[in-house]
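Survey of secondary and tertiary structure
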Amino acid sequence: MSGTQAFDCIIIGGGPAGLMAAIYLARFRRRVCVVDAGASRAALIPRSHNVPGFVHGLSGDELIARMSAQLDELAVIRVAAEVTALQRHDRVFQASWNGGAHGAATVILACGIVDTHPPFEQWRAAVADGLLRYCPVCDAFEASGRRIGVIGPLHRAAGKALFLRGYSRDVMLLATRWDDGEAARSGLAEAGVQVEIAPDLRLRRGDGSLEAVFAGGRTARFDVVYPAMGAQVRSQLAMALGAEHTGEGYLKVDDHQRTTISGLYGIGDVVTDLHQISVAFGHAAVAACSIHHGLPRRLV
């Protein structure tokens, strides 16, 4: 592979969004390459119940494995690497990885986000055990009736705590920063959400639970904890090209998932804070169809 236009599309990111886009484009008989650094957020999901057709849910790893098997059947090129630079010259994109530049007519960014984790070294194991969860829209149903903790600055955590109050009477917001107005505090009180100011909070494993340890040694036990501490949006490659974005780094796209850079598309978590697999699938289908219809017609 070289810097010439080797592909119709390079897809950066191998989570559900990127893999779904690759499946569509491969079935359109387009030349596709998926480049993935192996850090998919979806791979951390112990079990998702929001993927249609899987009555008892499935893990993120299993979903990615199933989709990867489809790509193997379609002979899609996949590369385990990190794209370190993205440039555009004469209507051709040049993506750099492993010391080489690789050309494509279009690029899909499906890079996702990286969550900000609470002060807890064992966070990955806690996620695998279902004790630490990042998406109440995905799995609040499974937390019904349990003792729930929400950790983060008040302005980020208040909405999540109020949402979870619809699933449990026992919700505590652990505010690492007291940075919102009286209206949010009043709303939490009216909903029966207990609020603790905890700037120096840390977590530790208990017996089938997580414990919040406050300054001075006082503790509180939770069956499940939801961090609400923000995330880093992996949109740097597009931003370096001048793509428009929000203050938080989410890429601005149109109804066809096109960014403000011609030929550059954004799908999944890199464009929305509604971090759902179903949303990623929809974005992928829309982007792939738009790319296919925008490229020169392919004849047999």
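Rules used throughout
- Here, residues in each chain are numbered from 1, in the same order as that chain's written sequence.
- The predicted nature of this model means local features are confined to residues of pLDDT at least 70 and side-chain atom pairs, given and counted, to a pLDDT of 80 or more, with totals for whole chains, interfaces and linings taken over all residues.
- No hydrogens and no water enter the side-chain calculation; it runs on all heavy atoms of the structure.
- Two cysteine sulfurs form what is called a disulfide whenever their separation falls within 2.5 Å.
- Partly exposed residues are those whose accessible area sits between 20% and 50% of the maximum for their type, while under 20% is buried and over 50% is exposed, using a 1.4 Å probe and protein chains only.
- Runs of E in the DSSP output that reach at least two residues are strands. Runs of H or I that reach at least four are helices, and both are numbered from the N terminus.
- Contacts between residues were defined by any pair of non-hydrogen atoms, one from each residue, lying within 4.5 Å.
- In this scheme Phe, Tyr and Trp rings, the latter by its six-membered ring, pair at centre separations within 6.5 Å, and the angle between planes marks the pair as stacked below 30 degrees, edge-to-face above 60, and tilted otherwise.
- Domain delimitation in this document rests on an assignment produced automatically or drawn from a domain database.
- The term buried area means the drop in 1.4 Å probe accessible area that two parts suffer when joined, counted for both and summed.
- By salt bridge we mean one thing: a side-chain nitrogen of Lys or Arg within 4 Å of a carboxyl oxygen of Asp or Glu.
- Pairs of N or O atoms within 3.5 Å make up the polar contacts considered here, provided that, within protein, one atom can donate a hydrogen while the other can accept it, and that residues adjacent in sequence are counted only when both atoms are side-chain atoms.
- When residues are grouped by polarity, Ala, Val, Leu, Ile, Met, Phe, Trp, Tyr, Cys and Pro land in nonpolar, Asp, Glu, Lys and Arg in charged, and all others, Gly among them, in polar.
- To form a nonpolar core, buried Ala, Val, Leu, Ile, Met, Phe, Trp, Tyr and Cys residues must be joined to one another through side-chain atoms within 4.5 Å.

1. So, the state of the cysteines
Put plainly, a disulfide is one covalent bond tying together the sulfur atoms of two cysteines. One pass over the full model with this rule turns up one disulfide. In this model C135 forms its disulfide with C138; the gap between the sulfur atoms is 2.3 Å. Its S-S torsion of approximately 75 degrees makes the covalent link between C135 and C138 right-handed. Residue classification places C135 among the buried residues on the basis of a relative accessible area of 12%.

2. Quick word on the environment of L162
With respect to the helices and strands, L162 occurs in helix α5 (residues 154-164). Owing to a relative accessible area of 36%, L162 belongs among the partly exposed residues under this scheme. Sequence-wise, L162 and V195 are 33 residues apart; in three dimensions their C-alpha atoms are separated by 11 Å. The contacts of L162, once residues within four sequence positions are left out, are G187, L188, A191 and V193.

3. Some words on the packing of aromatic side chains
One pass over the structure, following the stated rule, counts two aromatic pairs. Ring centres 6.3 Å apart and planes at 70 degrees place the aromatic pair Y24 and F28 in the edge-to-face group. Measuring from ring centre to ring centre gives 5.6 Å for F163 and Y167, while their planes differ by 45 degrees; the resulting arrangement is tilted. For F163, a relative accessible area of 35% translates into the label partly exposed.

4. Structural notes on the environment of I12
Counting through the fold element by element, I12 comes out in strand β1 (residues 5-12). On a C-alpha basis, the gap between I12 and V83 in space is 7.3 Å, while along the polypeptide they are 71 residues apart. I12 has contacts with V35, V83, V107, I108, L109, A110, C111 and L237, leaving out every residue within four places of it along the chain.

5. Let's talk about the domain arrangement of the protein
When the domains of the protein are assigned, the result is domain 1 (7-114 + 230-294) and domain 2 (117-227). Placing a centre on the C-alpha atoms of domain 1 and another on those of domain 2 gives a separation of 31 Å. Counting residues at the interface gives nine residues for domain 1 and ten residues for domain 2. Roughly 790 Å² is buried in total at the junction of domain 1 and domain 2, and carbon and sulfur atoms are behind 55% of that figure. At the surface where domain 1 touches domain 2, the tally comes to one salt bridge. Between R156 and E248 there is a salt bridge, and its shortest N-O distance comes to 3.6 Å. Taken together, domain 1 and domain 2 are joined by zero residue pairs in polar contact (both at pLDDT 80 or more). Broken down by class, the residue content of the side of domain 1 that touches domain 2 amounts to two nonpolar, five polar and two charged.

6. Brief notes about the nonpolar core
With 33 residues, the main nonpolar core has I11, L25, I108 and I267 as its most contacted residues. Apart from residues lying up to four places away in sequence, I11 is in contact with G18, A21, A22, L25, V32, C33, V34, V35 and I108. Counting 27 residues, the second-largest nonpolar core is a separate cluster that includes I10, L109, L251 and L264.

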